Amino acid sequence: MVKEWRTKWKRRLALLAGVLVLAGSMSGCGRQGASGGSGNGGNGNDDMAVKGAYLEKEVSLAGIPENAAVKQICTVEEQVHLLTVNEVGEGLKLQEWALQEDAFVEVTKPWLADFIIPAESYMDIQLFQDGNGIQYLYFQTIDSELETYRGNLWQGDGSEAKDITPEKWSVINEDYGRYEFINGITALKNGTLVVQSSLSADRINGEDGSVLDSVPLTQYGEDLITDGENVYLFSMNMSGTIEGVEKWTGGSIKDAVTLPFGQNSSYSVKLCALPDGTLISADTDGIFQCEAGSEDWKKLISGLETSFSLSGIWCTGLTALQDGRIYALFNQEDGTSKLMVYEYDPEAVPVVSTILKLYAVEESSLLQNAAALYHREHPDILIEVQYAYSAEDKYSREGLDYNTVQQQINTMLMGSEAPDILVLDHLNKESYVDKGLLLDLSDIIAPMEANGEVLSNITGFYRNEEGKQYIVPMQFGFSFALGRDISAEDMVSMQTLAAFLGSRSESYMGPRTAAELVDLFYPYFCENMVENKELNREVLTQYLEALKQIADNSGMIEQRDKNERGYNMWELAYRAKFAIEASDGFNGSMFPLSMANYIKGDFTAFENVFIPHVEMGVSAKSEYQDIAKDFIAFCLSEEVQGRDYYIGFPINTGSLETLAKFDRSEYAACTSIEIGEGAEELFDIDAYPEETAQKLVELCKGLDRPYTEDAKIREVLIDTLPLYLQGMQSLEETIEKIEGGLKMYLAE
């Protein structure tokens, strides 16, 4: 069982929400609806076009040393300032820079120029100042004995630096075994500091660090923003959804009011405040402004027109000037920084003449990135991305209703609001093909397969007997079969696994309910058990016999306590000997591969089944079929496929090979893991060697059929298999019941 993630990092691993979000490098937007633009078709931006628009421009970092890492952006007296960090001997040297005309000039104050932070490890650095010009430096250093970070707070005035770290920051919390974790800190004009930690909201005396008052906290965002008089921060629920913006009048949570926040983003949203209380927010959905005293957020620029929509680059800071200019500091995958400014140009004329609608069931950073990149190459074309569920909806307690989404898409396709491009994950794709609602894509896919540009072992499955292809996936995964005391050959399929487990007395997977076994294994034979709308008894017999042997080894239970779960990958450390874990690309594979290394076990792709992601098609009713197909071809290119989106492996062959060679030595994480009898030890999630990456490539190239789910088949199997798996019902009787339960369904 995994407990809390400790803060031992090289580079943070970006994982999907609900699985532990560890970095802000993913792109995505979190509200249902469009990401820029409106309408469907030409919008007539000719003589009728309205002038005036915000434009994105890159700001030169001239003056900043190349070897200095830019850590922070802020505004000081209507001037943009940057804070840089540079290694000097055994420490870290800080420098402050001000943007003056076309270059940055150093404005480091004497006290900071002589200040050195211990370089062995740090997590966060922030420089800020009050209304009197007194500066404060917050940073974290690691306590090597406890393997946890500790906050440090210093005051700087003139040439003097004074340690004002609050006493409570030096006390270990007995419940968590670590120091109080600081999420955000800022200074008001009057010299009062406001701190938000994982436990409380505090007001601190900026002179000596004493706590003026403290209020327990429940759930809030990470950053504190101030206009000099008040403090603002995102209020978030346990699933990470932003529910509003809290305004702490005078910096006190006791005097808090909640402002609405319509964007509701899934990933990193940046916020800043002007001195008059006007708020600016920015994310992949766009840049928005909420004027002081108002509750309405006005979109200034679409996310597709900005770097916020691009993958491989993520915003680390946002600030704004009273003249309307907005600055965003970005980090890039290569470790360099990029500074962008958003400025209103009254003479700018929108150039978009054609808008296509792309509708997806679930939010995808790949789609967002592809739409943004395509718009950069074709400024007159905008791909408007819409989706039914955000990334955070996927992990909500209510779950996702794919049947309702399918009905909604059916209605759209039959009406005048049909999307041009569809992403059909989790839906009955065959029904759209049978009804002639999708366009044949073979003219763009076949040449890519012929020249080896895409993995034909994946894309080829979607071609029918007539050679036509209506759907193509953008990414795919597979199921890791992981085990100790079992070879890869013995766990490559249900049949080999069953044969192996039949000769073992100890349970390899732990006790299971019939429903758990169905959910774990039926997607691997769901597709094959039905042929020409009839049950294939021979295939079903083979799989059910294998499932019975697996169940015999596991041990059957009728039900499980609501707070209990079956063994998964993490139990391989001491209780389980076999587990199946879905992969989601090269970076995501670091988790299961680290477990395989930890247990000195083996791994393979279970049943050679691929798990398709972002399955795209073009509506036969689209007025822009050529553009839609060109966009799909663009999505399959190395320009789009060459990034790890944490949703799967690339379908583009060149991107697959390139990402396999990507240096992940700076990507790592660590957590505590149970090893039996109440004991725990650290489990390191590290990069794997190149030969392992090449093995992943070969496994990907050997996948030959899809992972398939069907709600009705699942329902019938869960209803009919318990007695069979418990040895109380014959195989023949079980198959008869399955056939009876599916007869009408298959005949439809």
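Residues numbered from 1 in each chain as written. Predicted model: local features only at pLDDT ≥ 70, side-chain atom pairs only at ≥ 80, totals over all residues. Heavy atoms only, no water.

**Re the packing of aromatic side chains**
- By the definition in use, this model includes 28 aromatic pairs.
- Aromatic side chains Tyr524 and Tyr707 sit 5.4 Å apart centroid to centroid with 85° between the ring planes, which places their arrangement in the edge-to-face category. Taken together, the residues Tyr524 in the loop between α8 (514-521) and β31 (530-531) and Tyr707 in the loop between β38 (705-706) and α15 (711-725) connect sequence positions 183 residues apart.
- Tyr524 sits in the buried class, given a relative accessible area of 3%.
- Here the aromatic cluster, defined as three or more aromatic residues joined through ring pairs, consists of Phe476, Phe478, Phe480, Phe586, Phe603 and Phe649.
- The aromatic ring of Phe603 is capped on one face by Lys695, whose charged end is 3.9 Å from the ring centroid. (Phe/Tyr/Trp six-rings, centres within 6.5 Å; stacked < 30°, edge-to-face > 60°. Helix = DSSP H or I, 4+ residues; strand = E, 2+ residues; numbered from the N terminus. Buried < 20%, exposed > 50% of the residue type's maximum accessible area, 1.4 Å probe, protein only. Lys NZ or Arg CZ within 6 Å of the ring centre and 35° of its normal.)

**Here we look at the packing of α8 against α15**
- Their axes nearest at 8 Å, the elements α8 and α15 cross at an angle of 125°. In terms of their interaxial angle, α8 and α15 are classed as oblique. In the crossing of α8 with α15, the sense of the turn from one axis to the other is right-handed. Together, Ala514, Ala515, Leu517, Val518 and Asp519 of α8 and Arg714, Leu717, Ile718, Leu721, Pro722 and Leu725 of α15 make up the contact between the two elements. (Axes fitted to C-alpha atoms, helices over the stretch in contact; angles between N-to-C directions. Parallel < 35°, antiparallel > 145°, perpendicular 65-115°, else oblique. Left-handed = near helix turned anticlockwise from the far one by under 90°. Contact = heavy atoms within 4.5 Å.)

**Brief notes about the pattern of salt bridges**
- Per the counting criterion, the structure on display carries 27 salt bridges.
- When the shortest N-O distance is used, the salt bridge between Lys168 and Asp202 registers 2.9 Å. Here Lys168, found in the loop between β11 (160-163) and β12 (182-187), pairs with Asp202, found in strand β14 (residues 200-205); they are 34 residues apart in sequence, far enough to count as distant.
- Among the residues examined, Asp202 registers a relative accessible area of 2% and is labelled buried.
- Glu732 serves as the salt-bridge partner of Arg537, at 3.2 Å between the closest nitrogen and oxygen. Placement of the pair is Arg537 in helix α9 (residues 537-554) and Glu732 in helix α16 (residues 731-747), with a sequence separation of 195 residues.
- Look at Arg537 and you get partly exposed, because its relative accessible area is 27%. (Salt bridge = Lys/Arg side-chain N within 4 Å of Asp/Glu carboxyl O.)

**As for the pairing of strand β17 (residues 231-236)**
- In terms of burial, β17 is a largely internal element, five of the six residues being buried.
- Relative to β17, strand β16 (residues 225-226) runs antiparallel, the two being bridged by two bridges. From the neighbouring strand, Thr226 faces β17, where its bridge partner is Val231.
- Between the antiparallel neighbours β16 and β17 lie four residues, among them Gly228 with a positive phi of about 105°.
- Pairing of β17 with strand β18 (residues 242-248) involves six bridges; the strand directions are antiparallel. Counterpart to Phe234 in the pairing with β18 is Val245. (Pairing = 2+ DSSP bridges.)

**Looking at unusual backbone geometry**
- Although it is not a glycine, Asp485 sits at a positive phi angle of roughly 60°.
- Tracing the sequence through the fold places Asp485 in the loop between β30 (472-483) and α7 (494-501).
- Look at Lys533: it is not a glycine, yet its phi comes out positive at around 65°.
- One can find Lys533 in the loop between β31 and β32 (534-535).
- The class for Lys533 is exposed, based on a relative accessible area of 54%.

**Notes on the packing of α9 against α15**
- Across the interface, α9 lies against α15 with an axial gap of 10 Å and an inter-helix angle of 60°. One finds that α9 runs oblique with respect to α15. Of the two possible hands of crossing, α9 and α15 adopt the one that is right-handed. Taken together, the residues of α15 that come into contact with α9 (itself represented by Leu544, Glu545, Leu547, Lys548, Ala551 and Asp552) are Leu721, Tyr724 and Leu725.
- Classifying every residue of the contact of α9 with α15 gives six nonpolar, no polar and three charged. (Nonpolar A, V, L, I, M, F, W, Y, C, P; charged D, E, K, R; others polar.)

**Overview of the sheet that holds strand β25 (residues 326-332)**
- Strands sit in the order β2-β26-β25-β24 across an open sheet of four strands; the sheet is antiparallel. Strands at the two margins of the open sheet, each flanked by one partner only, are β2 (53-59) and β24 (313-320). Across the sheet, the axes of successive neighbouring strands diverge by a mean angle of 25°, strand direction being ignored.
- When β2 meets strand β26 (residues 337-345), the two strands line up antiparallel, connected through seven bridges. The residue bridging Ala53 from the neighbouring strand is Asp345, located in β26.

**Focus: the sheet that holds strand β19 (residues 256-259)**
- Strand order in the open sheet formed by four strands is β16-β17-β18-β19, and the pairing between neighbours is antiparallel. Pairing within the sheet leaves two strands with one partner each, and these edge strands are β16 and β19.

**Looking at helix α13 (residues 653-660)**
- Of the positions making up α13, those classed as buried are Thr653, Ser655, Leu656, Leu659 and Ala660. One side of α13 carries all its buried residues, which in axial view fall inside an arc of 165°.
- In this fold, the buried residues of α13 make contact with α12 (638-641), β35 (649-650) and α14 (690-702).
- The backbone nitrogen of Gly654 lies 3.0 Å from a side-chain oxygen of the residue at the head of α13, namely Asn652. (Arc of directions from axis to C-beta. Polar contact = N/O pair within 3.5 Å; in protein donor to acceptor, adjacent residues only side chain to side chain.)

**Considering the side chain of Thr165**
- Here Thr165 shows up in the loop between β11 and β12.
- Under the relative-accessibility criterion, Thr165 is labelled buried at 16%.
- Engagement of the side chain of Thr165 in a polar contact is seen with the side chain of Asp163, the distance being 2.7 Å.
- Apart from the residues within four sequence positions on either side, Thr165 is in contact with Arg150, Gly151, Asn152 and Leu153.

**Details of α9**
- Compared with an ideal rise of 1.5 Å per residue, which puts 18 residues at 26 Å, α9 spans 25 Å between its outermost C-alpha atoms and is within 8% of the ideal.
- Within the sequence span of α9, burial applies to Val539, Leu540, Tyr543, Leu544, Ala546, Leu547, Lys548, Ile550, Ala551, Asn553 and Ser554.
- Once α9 finishes, Gly555 follows within two positions and takes phi at roughly 95°, a positive value. (Expected span 1.5 Å × (residues − 1).)

**Quick notes on the environment of Glu748**
- Looking at the secondary structure, you find Glu748 in the segment after α16.
- Classification of Glu748 by relative accessible area gives exposed; the value is 67%.
- Sequence separation between Glu748 and Asp223 is 525 residues, and the spatial gap between their C-alpha atoms is 54 Å.

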